[in-house]
Amino acid sequence: MSPAASGQPVAYAGEPGAFAEDAVIAAFGDVERVSLGGFREVFETVTAGDAAAGVVPIENVINGTVRENYDLLLEHELEIRGEVVVPVALCLAALPGQSLEDIERVYSHIQALGQAEAFLRRRPWQLLTTYNTAGAGKAIADRGERGAAAVLSPRAAGLFGLEILADGIGDLPGNRTRFVVVARPGSPSLDLRPIGTRHRTTLVVAVRNEPGTLVAVLQVIAAHGLNMHKLESRPSRERAWEYVFWIDLDGDVADAPMAAALVELDGVTTMRRVLGSYPAAPEG
């Protein structure tokens, strides 16, 4: 099944079994999908028209923002069409027949290692980073590497024939990651699963490096009664020590207060770009 009339797949970064693939399934159902080597490849594939959409992580409740994807959103002319929140359940898995006492090395993505730090520090294991959680499990299976384990999802462990040595090893039981769905502006509508009635609008603005310029932006937002869900700064990449500000607002660009605020923001910013207005994933 295709996610759009174009008949093209959905792109994500990582191996099958990665949390990004879970996000694709949560957003679209069991659609045709393609796994790629990294986030930039996802953006480039969607931009080139070789995928109907891409699904990339944007923030995690423990590790915070995935900064690379904020920068890639600004770099590419794509728009956010939707978002999903995926629970992050982590386990430690290895080749069948091994025990915790046999393990010397543990592989995973650096964020997953950080999310299971309390468990991993109980033993003198060597912690080694990989580009992806599921990829760590695949590499162990492909190499037949004994004495090694991976931190990954239970689903990924099963896909690669690994045996779970310890389950539920994450530091925070409610750990989850927010993913966004990106597509080319003007491309066919996507058959996203319904997730709720609330809308979110994501924009990025730049202001002059002068006192009060960011305050002026916030005053516009407040004057129109808009709730700011998130505010974050990132280096502008155009001039040293200057920043752009990423803002998530509750509401749809079709709403009168939002539309009026966006027009007014043009007068107090040096750059204003709406990256998407889309159904928001439920909180909690």
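The structure we're discussing is the one just above.
Because the structure is predicted, anything quoted here is derived from the model rather than measured.

A.B. asks: I'd like a description of the environment of proline 16, backed by residues and values.
C.D. replies: Turning to its location among the elements, proline 16 is positioned in the loop between β1 (10-13) and α1 (19-28). As for proline 16 and arginine 155, which are separated by 139 residues in sequence, their C-alpha atoms are 9.6 Å apart. With residues up to four places along the chain from it excluded, the contact list for proline 16 reads Glu21, Ser35, Ala134, Leu159 and Phe160.

A.B. asks: Summarise the pairing of strand β7 (residues 105-109); cite the residues concerned and give the values.
C.D. replies: The side chains of a regular strand alternate between both faces of the sheet. Within β7, four of the five residues are buried, which leaves it mostly tucked inside the rest of the structure. Relative to strand β8 (residues 126-130), β7 runs parallel, the two being bridged by five bridges. Looking at the pairing, arginine 105 lines up with glutamine 126 of β8. Sheet analysis places β7 next to strand β9 (residues 148-152), joined by three bridges and oriented parallel. Bridging from a neighbouring strand, tyrosine 107 pairs with alanine 150 of β9.

A.B. asks: Now, about the pattern of salt bridges: what can you tell me, with residues and values included?
C.D. replies: Within this structure, the stated rule accounts for 20 salt bridges. A salt bridge links glutamate 79 to arginine 81; the nearest nitrogen and oxygen atoms lie 2.6 Å apart. By relative accessible area, which is 16% here, arginine 81 ends up buried. One salt bridge in this structure joins glutamate 145 and arginine 105, with 3.0 Å as the shortest N-O distance. In this pair, glutamate 145 sits in the loop between α6 (133-143) and β9 while arginine 105 sits in strand β7, placing the two residues 40 residues apart along the sequence. Of the two residues, glutamate 145 and arginine 105, neither departs from the other in class, the shared state being buried. Each of Glu59, Glu83, Arg178, Arg200, Lys230, Glu232 and Asp248 takes part in salt bridges that share partners, so that together they form one network.

A.B. asks: I'd like a rundown of helix α9 (residues 256-265), residues and numbers included.
C.D. replies: Inspection of α9 places Met258, Ala261, Leu262 and Leu265 among the buried residues, and these make up the whole buried set. The arc enclosing the buried residues of α9, seen along the axis, measures out at 100 degrees, which places them on a common side. Facing away from the buried side of α9 by more than 90 degrees, the exposed set consists of Ala256 and Val263. Where the residues of α9 are buried, they touch β12 (199-206), α8 (213-223), β14 (243-250) and β15 (271-279).

Analysis parameters
Residues numbered from 1 in each chain as written. Predicted model: local features only at pLDDT ≥ 70, side-chain atom pairs only at ≥ 80, totals over all residues. Heavy atoms only, no water. Helix = DSSP H or I, 4+ residues; strand = E, 2+ residues; numbered from the N terminus. Contact = heavy atoms within 4.5 Å. Buried < 20%, exposed > 50% of the residue type's maximum accessible area, 1.4 Å probe, protein only. Pairing = 2+ DSSP bridges. Salt bridge = Lys/Arg side-chain N within 4 Å of Asp/Glu carboxyl O. Arc of directions from axis to C-beta.

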